[in-house]
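These are the residues of each chain, in order.
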Amino acid sequence: MPTVKAEPYEFEFDPKTTALVMIDFQRDFVDPGGFGEALGNDVSLLRLAVPPAEEVLKAARKQGLLIIHTREGHRADLSDCPPSKKARGKLKAGIGDPGPMGRILVRGEYGHDLVKELYPEAGEPVIDKPGKGAFFATDLDTILKNRGVKQLVVCGVTTEVCVQTTVREANDRGYDCLVLEDCVASYFPEFQQAALKMVKAQGGIFGWVADSKRFIAALAEARGSGAARR
Ligand code: C5J
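Residues numbered from 1 in each chain as written. Predicted model: local features only at pLDDT ≥ 70, side-chain atom pairs only at ≥ 80, totals over all residues. Heavy atoms only, no water.

Novice: Run through unusual backbone geometry, naming residues and quoting values.
Specialist: The bulk of non-glycine residues show a negative phi, and the bulk of peptide bonds are trans. Cis peptide bonds are those with omega within 30 degrees of zero, and the linkage from E7 to P8 qualifies with 10°. The topology assignment puts P8 in the loop between strand 1 (3–4) and strand 2 (11–12). Cis rather than trans, the peptide bond between V157 and T158 has omega equal to -10°. With respect to the helices and strands, the residue T158 is situated in the loop between strand 8 (151–157) and helix 7 (159–172). The phi dihedral of L78 falls on the positive side, at around 60°, and the residue is not glycine. Along the polypeptide, L78 turns up in the loop between strand 4 (66–72) and helix 5 (83–87). (Helix = DSSP H or I, 4+ residues; strand = E, 2+ residues; numbered from the N terminus.)

Novice: Hey, could you go over helix 8 (residues 189–204) for me, with residue numbers and the actual values?
Specialist: When the terminal C-alpha atoms of helix 8 are compared, their 21 Å separation across 16 residues agrees well with the 22 Å that a helix rising 1.5 Å per residue should span. The sharpest bend along helix 8 measures roughly 30° and falls at K197. Taken together, the buried positions of helix 8 are occupied by Q192, A195, L196, V199 and G204. Those residues of helix 8 that are buried lie in contact with helix 7, strand 9 (176–185) and strand 10 (208–210). (Expected span 1.5 Å × (residues − 1). Bend = angle between axes of the 7 residues up to and from the residue. Buried < 20%, exposed > 50% of the residue type's maximum accessible area, 1.4 Å probe, protein only. Contact = heavy atoms within 4.5 Å.)

Novice: Tell me what's going on with the pairing of strand 3 (residues 18–23), and back it up with residues and numbers.
Specialist: Most of strand 3 is tucked away, with six of its six residues classed as buried. Residues T18, L20 and M22 line one face of strand 3 and the alternating positions A19, V21 and I23 line the opposite face, and both faces are buried. As paired elements, strand 3 and strand 8 share six bridges and run parallel to each other. For A19, the partnering residue across the bridge sits in strand 8 and is L152. Pairing of strand 3 with strand 4, which is carried by five bridges, proceeds in the parallel orientation. (Pairing = 2+ DSSP bridges.)

Novice: So, the nonpolar core: which residues are in play, and what are the values?
Specialist: L20, M22, F25, L178, L180 and F215 are the most contacted members of the largest nonpolar core, which totals 43 residues. Counting only elements with at least two residues in this core, the list comes to strand 3, helix 1 (27–30), helix 4 (50–63), strand 8, strand 9, strand 10 and helix 9 (212–224). A per-element tally of this core places helix 4 first, with six residues. Once residues lying within four places of it in the same chain are set aside, the contact partners of L178 are V4, A6, F11, L152, V153, V154, W208, V209, A210 and F215. In this structure, I143, V154, F206 and V209 belong to the second largest nonpolar core, which totals 26 residues. (Core = buried A, V, L, I, M, F, W, Y, C linked by side-chain atoms within 4.5 Å.)

Novice: Any details on the site of the ligand? Residues and values, ideally.
Specialist: Around the ligand, the surrounding shell consists of D24, F29, E72, K132, V157, T158, V161 and C162. Between a nitrogen atom of the ligand and a side-chain N or O atom of D24, the distance comes to 2.8 Å. With respect to the ligand, the side chain of E72 contributes an N or O atom lying 2.9 Å from a nitrogen atom. In the complex, the protein chains occlude 86% of the 230 Å² of accessible area that the ligand would expose alone. Classifying every residue of the shell around the ligand by side-chain character gives four nonpolar, one polar and three charged. (Near = heavy atom within 4 Å. Polar contact = N/O pair within 3.5 Å; in protein donor to acceptor, adjacent residues only side chain to side chain. Areas by Shrake-Rupley, 256 points an atom, 1.4 Å probe, with all protein chains shown as cover. Nonpolar A, V, L, I, M, F, W, Y, C, P; charged D, E, K, R; others polar.)

See the structure below:
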């Protein structure tokens, strides 16, 4: 079984039952000139995760892993957006309002879509989620179960919000999650550190943490040993 040097201990995985989950690498969160920046955040902190996540994506495609992408956003009529979510923050321009890259967090708008470096290829499911967690009100669990997936390798933004919520949801549904620390990012360095510590504390209460290089090395080991593709 391929093994990743991880914390709190080695993460063993079978490529045939492992999916790579790319969470919310959306222009509005990650790109300069988007919603995230309009809120006063330093998006260069999120951009740091893109190059290593691109390497992981390439390696996972080569190995034939199932790759899932998620996007946070809502229907154009906002019928799936809780009024509490829309009202939160008392923003001048919030969900559904015109923003720098189209209507904010509305499906089909430019800012809602994924950055070009990590754009899905044909056949890679894209999960449109109305919440922070990728399992809430989506068919993600059905897709994973139908494909026999047991383990998730997680990249995405932001670490303490949509990444961690998804990892917690996955944990309760019986998936083992490996979070790649250089492929997840937060606008707040202290939250990045704390969120990663929370995942791996207490013997891996929510999962494991490693980095892109270690995961890619384990994928190469799997290829070398002839571990079957899906
Ligand atoms: C946020 C996310 N931070 N994808 N969304 O609102 O983490």
